[in-house]
Structures are given as C-alpha cells and as structure tokens.
Amino acid sequence: MAVLRCTSIIKIRDGNPYILVSATRAKAIKPGWRKPLPVLVRINGKPAEPWHINMMPVRDGSFYLYLHGDVRKASGTKVGDRVRVEVGFDARYRNGTQHRVPLWFKAALRKNSRAMRNWEALIPSRKKEVLRYFARLKSPEARARNLERALHVLSGRK
C-alpha cells in the first residue's frame, strides 16, 4: 500500500477540524477515486494502529480529511497545529460500525418536518458521521446541546 507522508495545518470548517488533501496528493493515494475515500491515518505517528477514516471528496479532486476528537486526542493536536500526516488507501474497509438513530433524535425530527426532510436528504456518510458523534455523547446536557445544534442546521438556519 502506498502511504502519503506530508505535513499540513489542521484547519476548521463548519466546526469540524480537517486537513485538506490536494487533488495531486489524493491521486497518489488512490488514482481516479471520486467518492468518500477509505483510508488509514496516523497524525504525528499516532496511534500505533492507524485510524480508519473516510476522506470526503471536494469537487476539484481534493479531499477533506476530517479529524474527530479521538484522533486529535491520541495525537495531542488541535486546530492550527502543523502536523505530520500519514495516509494510505484502506482496501479492507467495508463501512465500519453502524449506529442506530437515538430515540431522542428521532422524536425531535418527528416534531420538525423541515429538519426531518433535510436529514433524509443527507448522504449516508454524513448521517453516519452524525450518528457516530451522537453515540459518543455521555451526558444529558451534551445531548441537549448537540440536538439543538443539529436541529438548527437541519432546519436551514445559519
């Protein structure tokens, strides 16, 4: 497996930390790929066993490599840091864990038809990311805060 090694700065987009992988670099990982790209990722050499992540395509052939909290925690990094990135195509990846829609989220969507329509219109990978995020919430306060934020966005508000 060819592994791309480079340095980059962690940026933020719509509240999500990411590294932009240029079209040229993405071609080095997997030529001609235009959909979510399954990769194995290490940041600053961490963790020992690389993370399985899908890079998300941008229309110009580049990809967003979103870095969720566990990745940043393991690598000791934050937005604005310059990091060493190792990314390789993950030919074994087959979808990963599927999380169920939490009852509290279902109930809120039923009460907000616009949010429900927009949720149903999301691409599967985006839904999966949201559900994975919801599954990691521990406290009722965190659920309430993130439910409000999700409904705000899904309702089309800024």
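If you're wondering where the values come from, they're calculated on a predicted model, not measured in any experiment.

Q: Lay out the layout of surface pockets with the relevant residues and their values.
A: Here the largest pocket defines a volume of roughly 1400 Å³. Residue lining of the largest pocket: 38 residues in total, with Asp 14, Asn 16, Arg 126, Glu 129 and Val 130 positioned closest to the centre. Elements with a minimum of two residues in the lining of the largest pocket: β3 (16–21), β5 (46–57), β6 (63–66), α2 (69–75), α4 (113–121), α5 (124–135) and α6 (140–154). With 7 residues, the top contributor of residues to the lining of the largest pocket is α5. Counted by class, the lining of the largest pocket contains 20 nonpolar, 9 polar and 9 charged residues.

Q: Could you give me a rundown of the packing of aromatic side chains, with the residues and numbers involved?
A: Per the counting criterion, the structure on display carries 8 aromatic pairs. Arranged with centres 5.0 Å apart and planes meeting at 85 degrees, the rings of Phe 105 and Trp 119 form a pair that is edge-to-face. With Phe 105 in helix α3 (residues 103–110) and Trp 119 in helix α4, this residue pair connects regions lying 14 residues apart in the sequence. Measuring from ring centre to ring centre gives 4.9 Å for Phe 105 and Phe 134, while their planes differ by 70 degrees; the resulting arrangement is edge-to-face. Within this pair, whereas Phe 105 is found in helix α3, its partner Phe 134 is found in helix α5, the two being separated by 29 residues in sequence. On the accessibility criterion, Phe 105 (0% relative accessible area) is buried.

Q: How would you explain the side chain of Asn 146 if you had to name every residue and give the values?
A: Residue placement: Asn 146 occurs in helix α6. Of the polar contacts made by the side chain of Asn 146, one reaches the side chain of Tyr 133; its length is 3.2 Å. From its side chain, Asn 146 meets the backbone oxygen of Ala 142 in a polar contact 2.7 Å long.

Q: Requested: an account of the sheet that holds strand β1 (residues 3–9), with residues and values cited.
A: Read from one edge of the open sheet, 7 strands run β1-β7-β4-β5-β6-β3-β2, paired in antiparallel fashion. With partners counted over all chains shown, the strands left at the sheet margins are β1 and β2 (11–13), one partner each. Taken over all neighbouring pairs, the strand axes of this sheet differ in orientation by 40 degrees on average, direction set aside. Two strands pair when backbone bridges link them, and β3 and β6 are joined in this way by 4 bridges, in the antiparallel orientation. Residue Ile 19 lies in a different strand from β6, and its bridge partner there is Leu 65.

How each quantity is defined
- Residues numbered from 1 in each chain as written.
- Predicted model: local features only at pLDDT ≥ 70, side-chain atom pairs only at ≥ 80, totals over all residues.
- Heavy atoms only, no water.
- 1 Å grid on protein atoms, 1.4 Å probe; cavity = no way out; pocket = protein on both sides within 12 Å on 5 of 7 lines; lining within 4 Å.
- Points joined across faces, edges and corners; volume = space filled by probe spheres on them.
- Helix = DSSP H or I, 4+ residues; strand = E, 2+ residues; numbered from the N terminus.
- Nonpolar A, V, L, I, M, F, W, Y, C, P; charged D, E, K, R; others polar.
- Phe/Tyr/Trp six-rings, centres within 6.5 Å; stacked < 30°, edge-to-face > 60°.
- Buried < 20%, exposed > 50% of the residue type's maximum accessible area, 1.4 Å probe, protein only.
- Polar contact = N/O pair within 3.5 Å; in protein donor to acceptor, adjacent residues only side chain to side chain.
- Pairing = 2+ DSSP bridges.
- Axes fitted to C-alpha atoms, helices over the stretch in contact; angles between N-to-C directions.

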